[in-house]
Amino acid sequence: MAWSFWEKETWLSKYDIIIVGAGFVGLWTAYKLKLKEPHLKIAIVEKGVLPTGASTKNAGFSCFGSVSELMHDVALMGESAMLKVVEMRYKGLKEINATFPQHSIDYHNLGGYELFSTTGKYPIDRLRGDIYYLNNLMSSMLGLTHTFHETSEKIAEFGFQHVAALAFSPSEGQLHPAKLVQNLQQMVQQLGVTIFFKTTVEKIESNEKEVFIQTDQLGELKSNRLIVCTNGFVKKLLPSLDVHPARGQVFVTAPIPNLKVKGTFHFDEGFYYFRNVGNQLLLGGARNKAFEAEHTDVMETSTAIQDALESFMMEYILPAGSPHPTIESRWSGIMGMGAIKQPIIKEVQPNVFCAVRMSGMGVSISPIVAAELTEMVLNG
Ligand SMILES: Cc1cc2nc3c(=O)[nH]c(=O)nc-3n(C[C@H](O)[C@H](O)[C@H](O)COP(=O)(O)OP(=O)(O)OC[C@H]3O[C@@H](n4cnc5c(N)ncnc54)[C@H](O)[C@@H]3O)c2cc1C
């Protein structure tokens, strides 16, 4: 089929900026670019019929890290890098709440908890000291007070089993990630951004003046600048980056009468996470049970991980003697991970930029990543 003269004059004519990927990062970036420079002609090219990475597949925690996760990050990256990431998460969450009414994204500020098991690798006698250390850091660097406190007296109230201690973070909340994506999508379309769904970018070429992308549905598209926001899939287009795909699996149960869990919950440095969605339980993680197998961008679920999640639910979350609930939905999404948790935001070749490696926390950091990227793309 040949494109008409008219189509070539409109959808297919040269763009100022093309963004690859309509997840949180691509959408927030389009939004921020349009706010700064409303005249820009911008298109987003998305391979899925819906965004098909992590943004509509995640757990919807609007969090900035649990005690054991942050202590692990200090050991991995050092204090200041850990704090920089926490600052991005914190500011990102504030921006989400300032941009969207809470009801439009089902935001609930129920607080976040971390469970410490009686047999886990985290030494519980360190908890109070770690909380003290982290609270001091947060208060001196970010002005936050009482970020974490111990609340082990609530273990019985939740009905948890084999849990020796519980830490609480009152600032944490939960939201509906697909509603957030839908809101962002509507906002950018109202600002005049074109979104091409079901179109895969297969190849990128650029020079000092312009960028050419090859797509499977539209042929070649041209732009002055290109921004790649494909996170866990980025190596297909930019193979030299330190980002690899990491699959995250999740399930949601059928409604559970008198579900005690209310809020967001972390376990084992964030490798397990669960929350309530009304009176249903969402549980995800267990990637550490099969690191090799989950090092993939194939969007399937596996029996090994799903079984591990179900065992965890019965062993730790639901009160002893509870019946096994029906599992209503199971799915997976693809994260972008690397040696460290900081995102990569840079110009990778002339006029081609990227913002990738969201390290499993893109809900909160994406508005801040998008702001930094926008500044880089517009002002060099
Ligand atoms: C199971 C799970 C649970 C999670 N839970 C949380 C949580 O509770 N809180 C939190 O903060 N974060 C969480 N995350 C992480 C968070 O969802 C991601 O960090 C975030 O969505 C990344 O956004 P993104 O826009 O960078 O990438 P994505 O959402 O993956 O978007 C990239 C887009 O690029 C498209 N694409 C890829 N290649 C191409 C191509 N060649 N051409 C065109 N389009 C292409 C994809 O289809 C996709 O839509 C979770 C992730 C998973 C998988």
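For the structure, see preceding data.
What counts as what
Residues numbered from 1 in each chain as written. Predicted model: local features only at pLDDT ≥ 70, side-chain atom pairs only at ≥ 80, totals over all residues. Heavy atoms only, no water. Phe/Tyr/Trp six-rings, centres within 6.5 Å; stacked < 30°, edge-to-face > 60°. Helix = DSSP H or I, 4+ residues; strand = E, 2+ residues; numbered from the N terminus. Buried < 20%, exposed > 50% of the residue type's maximum accessible area, 1.4 Å probe, protein only. Contact = heavy atoms within 4.5 Å. Pairing = 2+ DSSP bridges. Salt bridge = Lys/Arg side-chain N within 4 Å of Asp/Glu carboxyl O.

Participant: Describe the packing of aromatic side chains, naming the residues involved and giving the relevant values.
Facilitator: The tally for this structure, following the rule as stated, stands at 21 aromatic pairs. Ring plane angle 65 degrees and centroid distance 6.0 Å describe the contact between Trp28 and Tyr31, whose orientation is recorded as edge-to-face. Residue Trp28 and its partner Tyr31 are located together in helix 2 (residues 24-36), separated by three residues, close to a single helical turn. On the accessibility criterion, Trp28 (0% relative accessible area) is buried. Each member of the aromatic cluster is reached from another via a ring pair, and the members are Tyr113, Phe158, Phe160, Phe168, Phe265, Phe267, Tyr272, Phe274, Phe312 and Tyr316.

Participant: I'd love a proper account of the side chain of Asn231, names of residues and values included.
Facilitator: Within the element layout of this structure, Asn231 appears in the loop between strand 11 (219-228) and strand 12 (244-253). Those residues in contact with Asn231 that sit more than four places away from it in its chain are Val243, Met335, Gly336, Val356, Arg357 and Met358.

Participant: Before we move on, could you go through the sheet that holds strand 15 (residues 280-285) and cite the residues and values that matter?
Facilitator: Spatially, eight strands are ordered 5-6-4-13-14-15-12-16 in an open sheet, and the strand pairing comes out mixed. Two strands close off the open sheet at either side, each with one partner strand: strand 5 (149-150) and strand 16 (327-337). The pairing of strand 12 with strand 16 spans 10 bridges and is antiparallel. Of the residues in strand 16, the one forming a bridge with Arg247 is Ile334.

Participant: Give a detailed account of the pattern of salt bridges, specifying residues and quantitative values.
Facilitator: Under the counting rule described, the total for this entry stands at 16 salt bridges. Lys36 serves as the salt-bridge partner of Glu375, at 3.9 Å between the closest nitrogen and oxygen. Of this pair, Glu375 sits in helix 9 (residues 362-379) while Lys36 sits in helix 2; the two residues are 339 residues apart in sequence, bridging distant segments of the chain. Across the pair Glu310 and Arg330 runs a salt bridge, and its minimum N-O distance is 2.8 Å. Of this pair, Glu310 sits in helix 8 (residues 303-317) while Arg330 sits in strand 16, placing them 20 residues apart in sequence.

Participant: Break down the environment of Ser311 for me, citing the residues and quoting the values.
Facilitator: Assignment of secondary structure puts Ser311 in helix 8. Taking the C-alpha atoms as reference points, Ser311 and His324, 13 residues apart in sequence, are found 9.9 Å from one another.

Participant: So what's going on with unusual backbone geometry? Residues and values would help.
Facilitator: Its identity as a non-glycine residue notwithstanding, His146 has a phi of 50 degrees, on the positive side. Positionally, His146 belongs in the loop between helix 5 (127-142) and strand 5. Overall, His146 belongs to the exposed group, its relative accessible area being 62%. Unusually for a residue other than glycine, Ser359 sits at a positive phi of about 50 degrees. You can see Ser359 is positioned in the loop between strand 18 (352-356) and helix 9.

Everything listed here is a matter of coordinates, which is why it stays silent on function.
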